[in-house]
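The lines below spell out each chain.
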Amino acid sequence: MDVTFWGVRGSIPSPGPGTVRYGGNTACVSVRLPSGELIILDCGTGARNLGISLLAGPFGKGKGSATLLLSHAHWDHIQGFPFFGPFYVPGNSFTVYGGRSGERLLEDVLERQMAAQFFPVQSFRNMGARMEMRPMGEDRDVRVGSATLRAHANPHGPTPALAFRIEAGGKSLAYASDAGYGSDGPPQAAVDLYRGVDLLIHDSTFTPEDRALRLERGLSSLEDAVDCAARAGVKKLALFHYDQDYSDHDVDELVARGRRRLAEHAATGIEVIGAAEGLTVSL
Amino acid sequence: MRIQFWGVRGSLPVPGPRTERYGGNTSCVEVSSAAGTRIIIDAGTGIRRMGKELMRAEFESGKGAAHILISHTHWDHIQGLPFFAPFYRAGNKLFVYARQRDDQNLRSVLSLQVDSPFFPVPFHKARAEVAFRELHDGAQFEINDVVVSCARLNHPYIATAYALSVDGAKVAYIADTAPFTDILFGHEFIAGPPSPRSLLSKSDHKTLRTMRSQVVRLCEGADLVIYDTMFTPEEYRQTPHFGHSRPSDAVEICHDAGARMLALYHYAPDRSDAEVDAVLASTRKEAKLTAPKLDIVAGFEGLDLALGKG
Ligand SMILES: [Zn+2]
Ligand SMILES: [Zn+2]
Ligand SMILES: [Zn+2]
């Protein structure tokens, strides 16, 4: 299983010389299963570069298919959708899974993003590829091709955000972007979702100090991420979804602090990395 | 008159090493008069850093005022608005202007962006005083000491060009527009380039001619024209239906209007810094023949120009 990061930033893309190393694009991760199937996690602006790389293969000829999992409908998780090249090639097919996003169904959410006031294509029906939208069941296994998927809704300010677990070919990955746990930490169901995975990609938007000032945002600090990793006994933790104001230097510091925090847990077997655009982790 | 560029990119923000010099943020330009009137044109992601800058002064204490002119509500022209810090400070006064629409008022279009499930903070929780003003094509009005004029542009869902005059200087802002020759854009979806046989109707031709002459009039004698130059000639041939121009279109308009300086603007997301350098060089070279008196620069994040007095 190959996991590649295309966008690692939270809230809004943050271009500029200060973010060149980790990258300024918003959330998007691709997962290539051992069978060759493709799963895409979230569709922030990083999806544009993923799309460009996919067009060099079967997706460029209208022969590609993939599953897209959307954690929630905040802009930084869907704003790359209109700019994902493979959506515009007839013959490609996509199954999109998402939560109910408040009262609104997935299709309605994506359609509103494409509406004439906001985007010239006016409707995702005009994009060309075949798209099927499905609500994702929570806390139960769903079989998609050779993979077993499971989702759990984490608290995230006023709207929940889905965390996903993907298992295939004896390897496992959990993706938990945008998680704002209560003061007693992650609920047992979330820890169960992350349990023993080879790679946990976890929201680490803030330092603990910055998080304390912005609790209402419903996002994690690096300590929340590290504590989850330790409790769930994961093998590797990738910090993810950095605050838009954090420079590469600030993110270096987040990673260093994450490693020190792990040492406090005496969970020294866990490897901590900082997710960066272009980085591939092979499991 | 002082003009500062905060975002020069079209379509979507493009972070990364290839765009470091010109910048990856979407459309946003700030114009301020010597007397202190502050006008912001478009609210792409570039407005976020400007907002942080404003919070160092009177906006921090809730005593700031700014006028935001929106060319149109495509994402790359409004997506920075929810991240504009002065919105969240009580006492600040913000005036938002855009073209009047038949179907939906400006406040409700912009509200959609920050409503659930897209954004956690809805409009009514923004603490600043926000007022909306809708404009008709060809409107002319004053913002304190600044005279603002508007003209319709040729773009899907229709965009507005603005010209601002103050301190004895004039700047025109033209994003986004297609040339006024091949397609007449309105509200309908256009799926592809026009077929070679489908000619524009006489009345569409006339509408485009009129539109162009009004844009030229808007730019008449301008000290600076900021113009959508998203496409290379080859890209325009392939996707004329996207509604954007080439540098040669911008040069022609500037020449016809007798403008002094052109700033290339609203670059395609794929355009690297080196490619913008090359576009600038070739545009200058060609303009030596077609518009010898025109000064040409390429807009970049941080470009700061002083025109007229002040
Ligand atoms: Zn997010
Ligand atoms: Zn979110
Ligand atoms: Zn634009």
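Quick caveat: nothing in here was measured; it's all calculated off a predicted structure. (Residues numbered from 1 in each chain as written. Chains lettered and ligands numbered in written order. Predicted model: local features only at pLDDT ≥ 70, side-chain atom pairs only at ≥ 80, totals over all residues. Heavy atoms only, no water.)

### A short note on the nonpolar core
B:Ile3, B:Phe5, B:Leu69, B:Leu164 and B:Ile226 are the most contacted members of the largest nonpolar core, which totals 69 residues. No other element matches helix 3 (residues 202-219) of chain B, which puts six residues into this core. Those residues in contact with B:Phe5 that lie beyond four places of it in its chain are B:Cys28, B:Val29, B:Ile226, B:Ala263, B:Tyr265, B:Gly299, B:Phe300, B:Glu301, B:Gly302, B:Leu303 and B:Leu305. In terms of nonpolar packing, the next biggest core, distinct from the first, is built from 68 residues, A:Leu54, A:Val109, A:Val121 and B:Leu81 among them. (Core = buried A, V, L, I, M, F, W, Y, C linked by side-chain atoms within 4.5 Å. Buried < 20%, exposed > 50% of the residue type's maximum accessible area, 1.4 Å probe, protein only. Helix = DSSP H or I, 4+ residues; strand = E, 2+ residues; numbered from the N terminus. Contact = heavy atoms within 4.5 Å.)

### A few points about the coordination of the zinc ion (ligand 3)
A metal bound by six donors in octahedral fashion has ideal angles of 90 or 180 degrees, whereas one bound by four tetrahedral donors has an ideal angle of 109.5 degrees. All names here are of chain B. Around the zinc ion (ligand 3), the protein supplies Asp76 (OD), His77 (NE2), Asp176 (OD) and His266 (NE2) as donor atoms, at distances of 2.1 Å. Coordination at the zinc ion (ligand 3) is irregular: its four donor atoms span angles of 92 to 165 degrees at the metal. For the zinc ion (ligand 3), the donor residues sit on a single chain with the sequence spacing D-H-x98-D-x89-H. Note that Asp76 is positioned in the loop between strand 4 (65-69) and strand 5 (93-99) and His266 in the loop between strand 12 (261-265) and helix 6 (273-290), a separation of 190 residues in sequence. On the accessibility criterion, His266 (0% relative accessible area) is buried. (Donors = N, O, S within 2.8 Å, 3.2 Å for Na, K, Ca; no water. Tetrahedral: all angles 85-135°; square planar, octahedral: opposite > 155°, others 65-115°.)

### Observations concerning helix 1 (residues 46-54) of chain B
Listed in full, the buried residues belonging to helix 1 of chain B are B:Gly46, B:Ile47, B:Arg48, B:Met50, B:Gly51 and B:Leu54. Those residues of helix 1 of chain B that are buried are in contact with strand 1 (2-7), strand 2 (28-32), strand 3 (38-41) and strand 4 of chain B.

### What to know about the pattern of salt bridges
Residues and elements named next belong to chain A. Counting across every chain of the model gives 32 salt bridges over all chains. A salt bridge links Glu107 to Arg125; the shortest N-O distance between them is 2.9 Å. Note that Glu107 is positioned in helix 3 (residues 106-114) and Arg125 in the loop between helix 3 and strand 6 (130-135), a separation of 18 residues in sequence. For Glu107, a relative accessible area of 37% gives the class partly exposed. Note that Glu264 is salt-bridged to Arg261, the shortest N-O span being 3.9 Å. One end of the pair is Glu264 and the other is Arg261, both in helix 7 (residues 248-264) and three residues apart, which spans about a single turn. Glu264 gets classed as exposed once you look at its relative accessible area, which sits at 63%. One connected set of salt bridges, linked through shared partners, spans Glu223, Asp227, Arg261 and Glu264. (Salt bridge = Lys/Arg side-chain N within 4 Å of Asp/Glu carboxyl O.)

### Describing the interface of chain B and chain A
The interface of chain B with chain A comprises 36 residues on the first partner and 35 residues on the second. Between chain B and chain A the total buried area reaches about 3300 Å² when both faces are included, carbon and sulfur atoms providing 65% of it. When the buried area of chain B at its contact with chain A is split by residue, B:Trp75, B:Pro117 and B:Phe118 rank highest and sum to 24% of it. The interface formed by chain B and chain A includes three salt bridges. Put simply, B:Arg48 and A:Asp245 hold a salt bridge, and the shortest N to O gap is 2.6 Å. Counting every contact that joins chain B to chain A gives 11 residue pairs in polar contact (both at pLDDT 80 or more). If you list the elements that add at least two residues to the side of chain B that touches chain A, you get helix 1 and helix 2 (106-114) of chain B. At three residues, the largest contribution of residues to the side of chain B that touches chain A is made by helix 2 of chain B. Classifying every residue of the side of chain B that touches chain A gives 18 nonpolar, 13 polar and five charged. (Buried area = accessible area lost by both parts, 1.4 Å probe. Polar contact = N/O pair within 3.5 Å; in protein donor to acceptor, adjacent residues only side chain to side chain. Nonpolar A, V, L, I, M, F, W, Y, C, P; charged D, E, K, R; others polar.)

### A short note on the sheet that holds strand 8 (residues 147-154) of chain A
Residue and element names in this part refer to chain A. Read from one edge to the other, the open sheet built from seven strands follows the order 7-8-9-10-11-12-13, with strand pairing classed as mixed. Edge positions in the sheet fall to strand 7 (142-144) and strand 13 (271-274), since each has one partner strand and no second. Looking at each pair of strands side by side, their axes are set apart by 20 degrees on average, direction ignored. Strand direction decides the pairing type here: strand 10 (residues 171-176) and strand 11 (residues 199-203), joined by four bridges, are parallel. Bridging from a neighbouring strand, Ala174 pairs with Leu200 of strand 11. Taken strand by strand, helix 6 (residues 222-232) contacts strand 11 and strand 12 (236-240), and its axis lies near 150 degrees from that of strand 11. Strands in contact with helix 7 are strand 12 and strand 13; relative to strand 13, the strand with the most contacts, it is inclined by about 165 degrees. (Pairing = 2+ DSSP bridges. Axes fitted to C-alpha atoms, helices over the stretch in contact; angles between N-to-C directions.)

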